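One letter stands for each residue in the lines below.
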Amino acid sequence: MRSSRVRNRGVTQTLAAAATEAPSGVDTAFEELYRSSRDDVYAYVAGLLRDRSAAEDVTAQAFERAYRRRRTFNPGRGSRRAWLFGIARNAALDELRRRRRGARLVTDPEDDALAPAHEMAEVAVRRTALRMAIAELSPRERELVALKFFAGLTNGEIASVIGTSETNAGTKLHRVIQKLREACDEAA
Amino acid sequence: MRLRDHDMPLDPDVERELEAVDHALQGLRVATDLEDLSDLAVDARADRPALEPDFGTKLDQWAAAGFPREGRPGIRTEGETGSALSGLFERLRSVPPRRVLLSTGAAATLVVAVTVGIAVSDQLGGPGGGAGNIAAPSATSGPAVDTVRSPSSGGASAGRAAEARPDVTQNQTFAPAARQATLDARPGLALGTPQAGRAAHRKVKQNVDLVLATEPNDVRDVADGVFGVADQYNGFVVSSNVTSGRGSTPVPLERGDTGQRTSGAGTIELRIPAAHLQDALGDLSKLAHVTSRTDGTVDITNQFDAAKTHVQDLEAERQHLLRQLADAITSTEEESIKQRLAIVENQLADAQNRFGQIQKRIRLVPVTVEIRGQEGVDSGGAWGIGDAFHDAGRVLTVIGGILLISAAVLAPLGLIGGLAWITARAVIRRRREDALE
């Protein structure tokens, strides 16, 4: 009896803790998706739009749309993460269509303090070259970079997001990587 | 609509390099010859845009609140969020397509079914439909033809011809379904119509022959119903001859009635006031299956006017003779006038009698009701299990018809809607893709 009471108290405490941590009104699966994808979605959208404020707005918009349509998710058509990025992509493209204007590429400032001096110069040169190479890419190519390197999607998820086969997505991605590779080699 | 390419295997070198990128992003070691790729992947990942801490906090709070429509974080709140229409559109988009499709389809089906149902009920309840009280023409009902005997039947319509010329005879045989409409169109009978006003001075004598068919056992009940209708409308029965039951003398079969044995019959002669004729006929028609109905109409305005004038002339002559008699001087003259007066008074009595008969003939319409007992005829008598099956079949037929018509309306609408939806999606997708060009 006593052990049962102790066990019950433990369960109650666990549930109470979960209740304080979990956002109210958001189901668990979506909460998990939100937590795992929040930064990635923003990075992808910001990489595509190259406008921080617009990226924030579109990120919020994408999560709102995804939450409202969370029951329309069909596991047979891809992963939950790919579905979320599909929604984010539509929102970002709508924003691009609406604005039809160029924007600056916004990236985080480099953390120079952490790198040794001899590495810092080398990395700085390399990253500057990479940044410039990315800026030279077409929006479609830049989207692939954003999906792969900023959002960390698998090739299969990228294929699902942009609506093509995995092989095709891989081929396109490889072409973009080659471009970046050549640009970085030239800079080096 | 996404068009997917066929999955072809990647080039091994390409696959190897892509795997190296994946490994580098996961923090794993890559082959020495692909270290530049590893650096590229790590650098690109490290250079990715990061959330502002302030925005991240607001976004988390907003997510914890369940993404309410109000208070969405982000610098720009105008544009998409400002429009009520776009808000509504967004709400609609958040509903699962299957549910939207089901709801829209159900609503459209309901609307179409109700519309079709109303249309069908209008048709059933309309003039040609007989309000469901008169059975559809059967094999025994005879041809649905109008036979008009008129001296001037060529050219103008029978109605106008009858109106224009006195003493025109119309004799119309109606199939039940066409009967009411034809009656309404007949001049002088439809009250309240312009024709009725113009023909008000016309004197018409009518006669109606009605043949009702019912189950042999119901012949007596139908006959009683006929008597009741005559009584209800201040008419009377001139004569009746009713034989009921299966053992009675069979009534000769009509042409086209092969295979239908008849037994039990009756013939009832009625006089119905002309003012109530249509109502009475309507009630008579409800008593049993109307096999046929013949309406006869004769314009006797000339006869009426002639008889009336004759009476007036004779009355005038009588008055004149009475004045002469009062002024007579000699007995011979007085006797002569009296003889003449007697003759005129006799003539006047005859003329008044004749005029009265004409008036009576106009006022009271002879209606001959023939009742035929036939096996398997849907009688207007007591409602039984057979009637229930019949009615159920009819209800199912009507429902089936409504569904069929609804499907005929909805199928093309659905096809058009589906095509429009697919087209709209393709256009939107194309425009979005164009934004990347």
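Residues numbered from 1 in each chain as written. Chains lettered and ligands numbered in written order. Predicted model: local features only at pLDDT ≥ 70, side-chain atom pairs only at ≥ 80, totals over all residues.

J.: How should I be thinking about the overall build of chain B in this particular structure?
T.: Helix and strand counts for chain B come out as 13 helices and 6 strands. Per-residue burial over chain B gives 25% buried out of 437 residues. In chain B, once contacts between residues fewer than 6 apart in sequence are set aside, the share between residues at least 24 apart is 73%. (Helix = DSSP H or I, 4+ residues; strand = E, 2+ residues; numbered from the N terminus. Buried ≥ 20, exposed ≤ 12 C-beta atoms within 10 Å, placed from the backbone. Contact = placed C-beta atoms within 7 Å.)

J.: How do you make sense of the overall build of chain A when you look at a structure like this?
T.: Assigned secondary structure in chain A consists of 8 helices and 0 strands. Listed by position from the N terminus, the elements making up chain A come as α-α-α-α-α-α-α-α. When each of the 188 residues of chain A is scored for burial, the buried share is 40%.

J.: Would you mind showing me how to read the interface of chain B and chain A here?
T.: Accessible area lost during the coming together of the parts is what is often quoted as the interface size. Across the contact, 44 residues belong to chain B and 57 residues belong to chain A. Of all the secondary structure elements, the ones that give two or more residues to the side of chain B that touches chain A are α1 (12-25), α2 (35-46), α3 (53-64) and α13 (385-434) of chain B. A total of 8 residues in the side of chain B that touches chain A trace back to one element, the largest contributor, which is α2 of chain B. Its residues placed into classes, the side of chain B that touches chain A shows 25 nonpolar, 4 polar and 15 charged. (Nonpolar A, V, L, I, M, F, W, Y, C, P; charged D, E, K, R; others polar.)

J.: What is the right way to read the packing of helix α9 (residues 219-232) of chain B against helix α10 (residues 277-287) of chain B from this model?
T.: In a packed pair of helices, the relevant descriptors are the angle between the two axes and the axis-to-axis distance. All names here are of chain B. Closest axis-to-axis distance for the α9/α10 pair is 9 Å, and the angle between their directions is 165°. Classified by the angle between their axes, α9 and α10 sit roughly antiparallel to one another. Between α9 and α10 lies a crossing whose hand is right-handed. Across the interface between the two elements, V222, G225, V226 and V229 of α9 pack against A280, D283, L284 and L287 of α10. Taken together, the residues of the contact of α9 with α10 sort by class into 6 nonpolar, 1 polar and 1 charged. (Axes fitted to C-alpha atoms, helices over the stretch in contact; angles between N-to-C directions. Parallel < 35°, antiparallel > 145°, perpendicular 65-115°, else oblique. Left-handed = near helix turned anticlockwise from the far one by under 90°.)

J.: Would you explain the environment of A306 of chain B in this entry?
T.: With respect to the helices and strands, the residue A306 of chain B is situated in helix α11 (residues 301-327). Along the backbone, A306 of chain B and F355 of chain B are 49 residues apart, and their C-alpha atoms lie at a distance of 8.9 Å.

J.: Help me understand the nonpolar core in this model?
T.: In globular proteins that are soluble, nonpolar side chains generally tend to be buried together. Among the nonpolar cores identified, the biggest contains 64 residues, and Y44, V45, L49, A88, A92 and I158 of chain A are the most heavily contacted of them. Residue contacts for I158 of chain A: discarding those within four places in its chain leaves L144, L147, K148, L153, A169 and L173 of chain A. In terms of nonpolar packing, the next biggest core, distinct from the first, is built from 27 residues, V229, I272, L277 and V369 of chain B among them. (Core = buried A, V, L, I, M, F, W, Y, C linked by C-beta atoms within 7 Å.)

J.: What is the right way to look at unusual backbone geometry in this model?
T.: Excluding glycine, residues mostly carry a negative phi; peptide bonds, for their part, are mostly trans. One non-glycine residue, R50 of chain A, lies in positive phi territory at about 55°. Among the secondary structure elements, R50 of chain A is positioned in the loop between α2 (28-49) and α3 (52-68). Looking at R50 of chain A, the number of C-beta atoms within 10 Å reads 21, which means it is buried. Notably, N234 of chain B is not glycine yet its phi reads approximately 60°, a positive angle. Among the structural elements, N234 of chain B can be located in the loop between α9 and β3 (236-243). C-beta crowding within 10 Å serves as the criterion here: with 13 such atoms nearby, N234 of chain B is assigned to the partly exposed category.

J.: Would you mind showing me how to read the environment of A326 of chain B here?
T.: All names here are of chain B. Inspection of the secondary structure assignment puts A326 in helix α11. Classification of A326 by C-beta neighbours within 10 Å gives exposed; the count is 9. On a C-alpha basis, the gap between A326 and I337 in space is 9.8 Å, while along the polypeptide they are 11 residues apart.

J.: Would you mind showing me how to read the confidence of the model for chain A here?
T.: Low pLDDT means the predicted atomic positions in that stretch should not be read closely. Residues and elements named next belong to chain A. Of the residues in chain A, 74% have a pLDDT of 70 or more, and the chain-wide mean is 79. Mean pLDDT values over the elements of chain A span from 40, in helix α1 (residues 2-21), up to 93, in helix α6 (residues 139-150). Predicted confidence for residues 1-23 stays below pLDDT 50, and this span has 4 contacts to residues more than four positions away or in other chains. (pLDDT = per-residue confidence, 0-100.)

J.: Please clarify how α3 of chain B should be interpreted in this entry.
T.: An α-helical segment advances 3.6 residues per turn. Residues three or four places apart therefore align on the same side. Compared with the 16 Å implied by 1.5 Å per residue over 12 residues, the 16 Å span of α3 of chain B between its first and last C-alpha is a close match. Three or more residues of α3 of chain B are buried, namely F55, L59, W62 and A63 of chain B. Projected down its long axis, α3 of chain B carries its buried residues within an arc of 100°, all on one side. Turned more than 90 degrees off the buried face of α3 of chain B, the exposed positions are P53, D54, T57 and Q61 of chain B. Of the surrounding secondary structure, the elements contacted by the buried residues of α3 of chain B are α2 and α3 of chain A. (Expected span 1.5 Å × (residues − 1). Arc of directions from axis to C-beta.)

J.: Can you help me understand the pairing of strand β6 (residues 364-374) of chain B in this one?
T.: The side chains of a regular strand alternate between the sheet's two faces. Residues and elements named next belong to chain B. Here β6 lies mainly inside the structure; 8 of its 11 residues are buried. Across 7 bridges, the pairing between strand β2 (residues 204-214) and β6 is parallel. Each residue of the ladder has a partner; that of L210, found in β6, is V369. (Pairing = 2+ DSSP bridges.)

J.: What am I meant to see in the environment of V208 of chain B here?
T.: Residues and elements named next belong to chain B. With respect to the helices, strands and loops of the structure, V208 is situated in strand β2. Classification of V208 as buried rests on a count of 20 C-beta atoms within 10 Å. Along the primary structure V208 and P366 are separated by 158 residues, whereas in three dimensions their C-alpha atoms are 6.5 Å apart. Among residues more than four places away in sequence, those in contact with V208 are L281, R293, T294, D295, V365 and V367.

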